[in-house]
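These are the residues of each chain, in order.
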Amino acid sequence: MLVVTDLSHVYANGTQALDSVTLSIPAGMFGLLGPNGAGKSTLMRTVATLQTPTAGRIRFDEIDVLKRPEALRRMLGYLPQDFGVYPRVTAYDMLDHMAVLKGLADRTERKETVETLLHQVNLWSVRKKALAGFSGGMRQRFGIAQALIGNPRLLIADEPTAGLDPEERNRFLNLLAEIGDTTVVILSTQIVDDVADLCSRMAVLSEGRILLEGAPQDLAAELRGHAHLGSARCEGSVRARAGRGSWRSAADQVLSPLPGRASRVPIPMMS
Ligand code: ADP
């Protein structure tokens, strides 16, 4: 169980990216839904121990994460939003190299790990191809393979479906869903259907604050009842909609891009 308590972060330029975020995240898939600029990456990077928050506490099972970041890192798999450059190295060699960096010194054990992961993410047939030639979906699946080295108990994927076409997106999400019930998997996204279909729990983050938290199916009513979500841009529509699937419409209203903020275009809803 990951427990984040009163987590706040103010960047050096004065931007308050997180404002007293409190969340309890059990094993299974957890969706963190929010528009561009909501604070999702800041929260993910902070939990992944890549940056230190201005205030707050983070616990993962028995570990005080801010006091013992190295203990958390040993059980962490992280797929950052921007996975960086894709060199002209084959998928196999790169994964093998990353396994060495993660401490898998034993050659036989490493070979077994790399081969299993390449099969798991369905990249076995292209293992000898250079990463530079991979499609967006293949890169994200490679990203998950590297994040799974060493069987992490906490897996963080920061907007992994951004830029994927619907087929690649489904394939990627199904892969995440297979990872298992004993791992805490946190998936951040701007796409409502990413969390609606696969996550057992979710939270909506907006302007650094948690607006809602719970099971996707329970949030329909809550979203409709939340008058304070009713800023000028979503008042009325949140409560006015009723019936099956309406929370998605309501959440989309909450998540509609704020004026003046760049935003990715979410994949249209299927329902
Ligand atoms: P999201 O991942 O939901 O798009 P971010 O965590 O990237 O949100 O950003 C939250 C807010 O913090 C935004 O207003 C963003 O401009 C700001 N921000 C992010 N990183 C930095 C930084 N390194 N310095 C200053 N402001 C930042």
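Data block above holds the structure.
Calculation criteria
- Residues numbered from 1 in each chain as written.
- Predicted model: local features only at pLDDT ≥ 70, side-chain atom pairs only at ≥ 80, totals over all residues.
- Helix = DSSP H or I, 4+ residues; strand = E, 2+ residues; numbered from the N terminus.
- Expected span 1.5 Å × (residues − 1).
- Buried ≥ 20, exposed ≤ 12 C-beta atoms within 10 Å, placed from the backbone.
- Arc of directions from axis to C-beta.
- Near = placed C-beta within 6 Å.
- Nonpolar A, V, L, I, M, F, W, Y, C, P; charged D, E, K, R; others polar.
- Pairing = 2+ DSSP bridges.
- Axes fitted to C-alpha atoms, helices over the stretch in contact; angles between N-to-C directions.
- Parallel < 35°, antiparallel > 145°, perpendicular 65-115°, else oblique.
- Left-handed = near helix turned anticlockwise from the far one by under 90°.
- Contact = placed C-beta atoms within 7 Å.

**Some details on helix 4 (residues 107–120)**
Compared with the 20 Å implied by 1.5 Å per residue over 14 residues, the 20 Å span of helix 4 between its first and last C-alpha is a close match. When helix 4 is considered as a whole, its buried residues turn out to be Thr113, Val114, Leu117 and Leu118. One side of helix 4 holds all its buried residues, which, seen down the axis, span an arc of 125°. Summarising the geometry of helix 4, the exposed residues directed more than 90 degrees from the buried face are Thr108, Glu109 and Glu112. A positive backbone phi angle near 65° is found at Asn122, which sits one or two residues after helix 4.

**Observations concerning unusual backbone geometry**
Peptide bonds are, in most cases, trans, and in most cases residues other than glycine have a negative phi. Its identity as a non-glycine residue notwithstanding, Thr49 has a phi of 65°, on the positive side. Mapped onto the elements, Thr49 comes out in the loop between helix 1 (40–47) and strand 4 (55–60). Residue Thr49 is classed as partly exposed on the basis of its 18 C-beta neighbours within 10 Å. For Asn151, which is not glycine, the phi dihedral falls at a positive 50°. Locating Asn151 in the fold gives a position in the loop between helix 5 (136–147) and strand 7 (154–158).

**Here we look at the site of the ligand**
The ligand sits among Tyr11, Asn13, Thr15, Ala17, Gly34, Asn36, Gly37, Ala38, Gly39, Lys40, Ser41 and Thr42. Ranked by residue count, the leading element in the shell around the ligand is helix 1, at three residues. Partitioning the shell around the ligand into residue classes produces three nonpolar, eight polar and one charged.

**Some remarks on the pairing of strand 8 (residues 184–189)**
Where burial is concerned, most of strand 8 is hidden: six out of the six residues are buried. The side-chain alternation of strand 8 yields two buried faces, one formed by Val184, Ile186 and Ser188 and the other by Val185, Leu187 and Thr189. Where strand 3 (residues 28–33) lies against strand 8, six bridges are found, and the strand directions are parallel. Within the sheet, the bridge partner assigned to Met29 lies in strand 8 and is Val185. Relative to strand 8, strand 7 is paired through five bridges, and the arrangement is parallel. Among the inter-strand pairings, Leu155 is bridged to a residue of strand 8, identified as Val185.

**Some points on the packing of helix 3 (residues 91–101) against helix 4**
Put simply, helix 3 and helix 4 touch, their axes get as near as 10 Å, and they point 130° apart. Taken together, the axis directions place helix 3 and helix 4 in an arrangement best described as oblique. Viewed along their axes, helix 3 and helix 4 form a crossing whose handedness is right-handed. Contacts between helix 3 and helix 4 involve Ala91, Tyr92, Leu95, Asp96 and Ala99 from the former and Arg110, Thr113, Val114, Leu117 and Leu118 from the latter. Counted by class, the contact of helix 3 with helix 4 contains seven nonpolar, one polar and two charged residues.

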